[in-house]
Amino acid sequence: MLCVCASARADTLELLGPSSAVTPEGFPVAVVRKDASGVPVPLAGTPTVIVEGAELREGLAQPPLRTFIVVPHSGARDVVVRARVDGLEAQARFVLGPPATDVKLGLEPAAPVKGRDKEAVLTVSLLRPDGTADDSGAPPVVRVSTGRVEGLERVAPGMYRARYILPDTRHPEVAILVAFSAWPSPQSVHGAYGRVLVPLAASVNLPGTTEPDARISIDIAGATFGPVTAGADGRFRLPIVVPPGHRFGQGRVVDRAGNAKRQNIDLNLPPTDGLACVFQPQRLPADGVSRARLLCATSDPLGKPVEDAKVTAQARRGVLKGPSRAAGGMLEWLYSAPRTLGDDERIEAAWPQRGAGSREVLALQLVQGPVTELAMSVSEPLVHRGAQAQVAVRARDALGRPRPGATLSLTAPEGDFTPPVEPAPGDFASAWQPPASGGEEQVTLSARAWGPVGSEPARIAVWPRGGVLYAGVSDLAGLPVPSQPLRLDGHELTTGLDGTVSLGKLAPGAHLVAHGLWTGLVRTVHVLGGEGLAYPLDPLLVPEAVSQQVRVAPQVPVNVRLRVEGTRVTYWVEDSRGRILEGRAVHVALSDGAREGDEVREGRTSFTVRATRPVSVSVADVATGVTALVEVRP
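In this report, we go over the structure that sits alongside the text. The structure displayed is predicted, hence computed values, not measured ones. (Residues numbered from 1 in each chain as written. Predicted model: local features only at pLDDT ≥ 70, side-chain atom pairs only at ≥ 80, totals over all residues. Heavy atoms only, no water.)

1. Concerning the overall build of the chain
Which entries qualify depends on this criterion: Here a helix means four or more residues in a row that DSSP labels H or I, a strand means two or more in a row labelled E, and each is numbered from the N terminus. In this description the radius of gyration comes from C-alpha coordinates, and the expected globular size is given by 2.2 Å times residues to the power 0.38. Burial classes follow relative accessibility: with a 1.4 Å probe on protein chains only, a residue under 20% of its type's maximum area counts as buried, one over 50% as exposed, and anything between as partly exposed. It only takes one pair of heavy atoms within 4.5 Å for two residues to be counted as in contact. Computed with a 1.4 Å probe, the accessible areas rest on the Shrake-Rupley method; for each residue, only the protein chains presented here act as cover.
A tally of regular secondary structure across the chain gives 0 helices and 54 strands. Over its C-alpha trace the chain gives a radius of gyration of 37 Å, far above what one expects of a compact globule, namely 26 Å for 634 residues. Expressed along its principal axes, the backbone C-alpha trace of the chain runs to roughly 130 × 80 × 40 Å. Taking all 634 residues of the chain together, the buried fraction comes to 47%. Across the chain, contacts joining residues at least 24 apart in sequence account for 60% of those joining residues at least 6 apart. Accessible surface, the chain as shown: approximately 30100 Å² in total, 50% of it carbon and sulfur.

Printed below as a string of structure tokens:
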């Protein structure tokens, strides 16, 4: 970002935004007015904001800032933003990524021959517009129409090598290799791409029969093979190299008398695959808005791209929009994920005019987002020492769906929790037991939950908590990615098991939070003044902890439990571990009314209270004298 500010007075106007290359999907900017000491002050008027190369949308209110979302136009390489208010002006220029605009693929040997070559060396180069190497993108994803690619590894900045293994088939065909390098992270829909069409000729010994001792040769695609001499039985084998797309050869037979005869020879070549597609990313959240990119390259039987190929693509669950013509004669679709969870996605692309073999099937994993909402409950507000309280935690995602598989952390200043279990998706259960003696009379039980954790970084988020800033790394589904290397203004940090790390209290100014491996994954945070104002900020990557307070009472030999549902009362006696003690002698007393409809089930006794006014019900354990009391209202 290049920012120019001008003022005839002590106050200044600034445009806050990213300081590194921005993504084509949009980025946040803010207009801020500062006094002579650099402290943000309210804007007196409404700022006039003009953008070149993009569309401007209103952002979320964050006084005294005026915020916007800038969405670049398709094909734009930079965006200029100008702001004017209260006689002050500011201008900023933002460069769009990805820095790499081209992916070059090459093979050595450039034209491998089946029957002679088993493999070739594939080189993939990521290049900037000026032809220099770019190393900010993710390792390229390579798809091939025939054969396979193995052992992709980085050999230099912006350069990768792999082994291209030729297919086992003997017929000539065209191999289509397509590569996509995502930017700024491995899961991004943005990036650079390229393709190469490789004619794979086939080296074979053509068998046949003709006149005894005749000399045979054949012309294929301008090349002459032979002659060879047939045996006494007329049999011959002629070594030839057949390039793809040439179904017929021109044969020439000269007999012993010197008579020559020419004829067309059908080489009986089978239909070949003329389609190769790459799908990026290959994992999306089922949220109804996340997108992926489908790129397809075509080839005719001779290895030439087909500009007007009528390729179709279908998604089983999501929505595909396209195709549109992309650079290099490729076809492009944009995929939108479904909002509901279910089976993984299956994308089918086909080019019927080229034959049944020109068909691609690509898989997409649809995943659920992380825990964003927690609720906690404790079975009893009062817990006796030596007894247990049942703790329940409910985890839900951003759409209110149960989120199974999350990591749950339970803490308390004293006492112990049993290992949590998940009896139902997104519902966790544990038990807390206070110390047998000593300790506090009131204890706070707390629960945190996050994830499940992701594996590939896609985003960096920054948010405030307790007067300091935190950063977190997540994948495209929002799942936190643990143990990620970050750099804060060059200082190394590592995210914890929940994918987050404290940035501490930052001084006023612009701060850069960058991923330690994916250099294009960068977040600029502007800290303004000493009041904790920062921009831009994100929602929490991990929800805040929830807590419940319980009172702790001295240990008792037994517990008498009472539950009231309307006028129906249920009581039972249990030991300190919560086990029901059946057959225990108890004394039940009512302050008024009558008791009727007694029923005993699994150690619990229920009855109905008949009265015209509130009634106190007491249940006492005869052996220990432990008593419980409730009020029943008619």
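Next comes the rest of the write-up.
2. Section: the nonpolar core
Applicable threshold: Here the nonpolar core consists of buried residues drawn from Ala, Val, Leu, Ile, Met, Phe, Trp, Tyr and Cys, with membership extended through side-chain atoms lying within 4.5 Å.
Ranked by size, the top nonpolar core spans 31 residues in total, and within it Leu469 and Leu503 carry the most contacts. By residue number, the principal contributor to this core is strand E16 (residues 173-182), which donates 5 residues. Not counting residues within four places of it along the chain, the set of residues in contact with Leu469 comprises Val462, Trp463, Pro464, Ser502, Leu503, Gly504, Leu506, Val525, Val527, Ala534 and Leu537. Among the nonpolar cores identified, the runner-up in size contains 24 residues, and Leu294, Ala309, Leu320 and Ile347 belong to it.

3. Quick notes on the side chain of Gln368
Definition in use: Whenever two N or O atoms come within 3.5 Å, that pair is a polar contact, provided that in protein one can donate a hydrogen and the other can accept it, and provided that, for residues adjacent in sequence, both atoms are side-chain atoms.
Mapping Gln368 onto the fold places it in the loop between strand E30 (359-367) and strand E31 (373-378). Side chain to side chain, Gln368 and Asp397 meet in a polar contact 3.0 Å long. Once residues lying within four places of it in the same chain are set aside, the contact partners of Gln368 are Leu341, Asp397, Arg401, Pro402, Arg403, Pro404, Ala477 and Leu479.

4. Remarks on the sheet that holds strand E50 (residues 586-590)
What counts, and what does not: The pairing criterion is simple: DSSP has to find at least two bridges between the two strands. The convention used is that axes are lines fitted to C-alpha atoms, helices contributing only their stretch in contact, and that angles between N-to-C directions extend from 0 to 180 degrees.
Reading across from one edge, E50-E53-E54 is the order of the 3 strands in this open sheet, with antiparallel pairing throughout. Looking at which strands have only one partner, the edges of the open sheet turn out to be E50 and strand E54 (627-632). For this sheet, the mean inter-axis angle between neighbouring strands, taken without regard to orientation, is 15°. Sheet topology note: the strand E53 (residues 615-621)/E54 ladder contains 6 bridges and is antiparallel. Looking at the pairing, Ser616 lines up with Glu631 of E54.

5. Observations regarding the packing of aromatic side chains
To be explicit about the condition: Each pair of aromatic rings taken from Phe, Tyr and Trp, with Trp reduced to its six-membered ring, is defined by centres within 6.5 Å and is described as stacked if the planes are under 30 degrees apart, edge-to-face if over 60, and tilted in the remaining cases. Definition used: whenever NZ (Lys) or CZ (Arg) falls within 6 Å of the ring centre and also within 35 degrees of the ring normal, the charge is taken to sit over that ring.
Summed over the entire model, instances satisfying the criterion amount to 4 aromatic pairs. Here Phe27 and Phe94 contribute two aromatic rings whose centre-to-centre distance is 4.9 Å and whose plane-to-plane angle is 50°, an arrangement assigned as tilted. One end of the pair, Phe27, is in strand E3 (residues 27-34); the other, Phe94, is in strand E9 (residues 88-95), with 67 residues separating them in the sequence. Judged by its relative accessible area of 3%, Phe27 falls in the buried class. Relative accessible area serves as the criterion here: at 1%, Phe94 is assigned to the buried category. Pairing Phe279 with Tyr335 gives two aromatic rings, centres 5.8 Å apart and planes at 75°, and the pair type is edge-to-face. Of the two residues, Phe279 sits in strand E23 (residues 275-280) while Tyr335 sits in strand E28 (residues 330-336), which places them 56 residues apart along the sequence. With respect to class, Phe279 is no different from Tyr335; both count as buried. The cationic tip of Arg465 hangs over the ring face of Tyr470; the distance from NZ or CZ to the ring centre is 4.2 Å. Positioned above the aromatic ring of Trp572 is the side chain of Arg604, whose terminal nitrogen or guanidinium carbon lies 4.5 Å from the ring centre.

6. Brief notes about the pattern of salt bridges
A side chain of one charge can pair with a side chain of the opposite charge when the charged atoms of the two come close. Which entries qualify depends on this criterion: By definition here, a salt bridge exists when the distance from a side-chain nitrogen of Lys or Arg to a carboxyl oxygen of Asp or Glu is within 4 Å.
Counted by the stated rule, this structure contains 39 salt bridges. Across the pair Arg163 and Glu119 runs a salt bridge whose closest N-O atoms are separated by 3.0 Å. Within this pair, whereas Arg163 is found in strand E15 (residues 159-165), its partner Glu119 is found in strand E12 (residues 119-127), the two being separated by 44 residues in sequence. Of the residues examined, Arg163 reaches a relative accessible area of 38% and is grouped as partly exposed. When its relative accessible area of 36% is taken as the criterion, Glu119 is described as partly exposed. Residue Glu150 is joined to Arg148 by a salt bridge in which the shortest nitrogen-to-oxygen separation is 2.6 Å. Through salt bridges that share partners, Glu119, Arg148, Glu150 and Arg163 make up one connected network.

7. Notes on unusual backbone geometry
The peptide bond linking Gly97 to Pro98 adopts the cis configuration, its omega dihedral lying at 0°. Along the polypeptide, Pro98 turns up in the loop between E9 and strand E10 (102-108). Geometrically, the link from Tyr535 to Pro536 is a cis peptide bond, its omega value of -10° lying close to zero. You can see Pro536 is positioned in the loop between strand E46 (533-535) and strand E47 (546-553). A positive phi angle is found at Asn268, which is not glycine, with a value near 55°. Among the structural elements, Asn268 can be located in the loop between strand E22 (260-266) and E23. A positive phi angle, close to 55°, is found at Ser483, a residue other than glycine. Assignment of secondary structure puts Ser483 in the loop between strand E40 (468-474) and strand E41 (485-488).

8. Some remarks on the sheet that holds strand E34 (residues 407-411)
Pairing between the strands of a sheet is mediated by backbone hydrogen bonds and can be parallel or antiparallel. Strand order across the open sheet formed by 4 strands is E32-E47-E38-E34, with mixed pairing between neighbours. Each of the sheet's edge strands pairs with one partner strand only, and the pair in question is strand E32 (382-384) and E34. In this sheet, adjacent strand axes meet at a mean angle of 30° when their direction is disregarded. As judged from the 3 bridges shared by E32 and E47, these two strands associate in the parallel manner. Bridging from a neighbouring strand, Leu382 pairs with Arg551 of E47.

9. Here's the deal with the side chain of Glu173
Its location among the elements puts Glu173 in strand E16. A relative accessible area of 5% means that Glu173 is categorised as buried. Side chain to side chain, Glu173 and Thr169 meet in a polar contact 3.1 Å long.

10. Notes on the environment of Pro508
Relative to the helices and strands, Pro508 is located in the loop between strand E43 (500-504) and strand E44 (509-515). Ignoring sequence-local partners within four residues, the contact set of Pro508 consists of Val527 and Gly529.

11. Some thoughts on the pairing of strand E45 (residues 522-528)
Working note: regular strand, side chains alternate between the two faces of the sheet. Extensive coverage of E45 is indicated by the burial of 6 of its 7 residues. Bridge analysis of E44 against E45 gives 6 bridges, and the strand direction is antiparallel. Across the sheet, Val513 pairs through a bridge with Arg523, a residue of E45. The sheet contact formed by E45 and E46 spans 3 bridges and is antiparallel. Looking across to E46, one finds that Val527 is bridged to Ala534.

12. Regarding the state of the cysteines
The condition that has to hold: Cysteine sulfurs are considered disulfide-paired once they come within 2.5 Å of each other.
Tallied over the entire structure, the rule returns 1 disulfide. With its sulfur 2.1 Å from that of its partner, Cys277 forms a disulfide with Cys296. With the S-S dihedral at roughly 105°, the linkage between Cys277 and Cys296 falls on the right-handed side. Of this pair, Cys277 sits in strand E23 while Cys296 sits in strand E25 (residues 291-298), and the two are 19 residues apart along the sequence. For Cys296, a relative accessible area of 1% gives the class buried.

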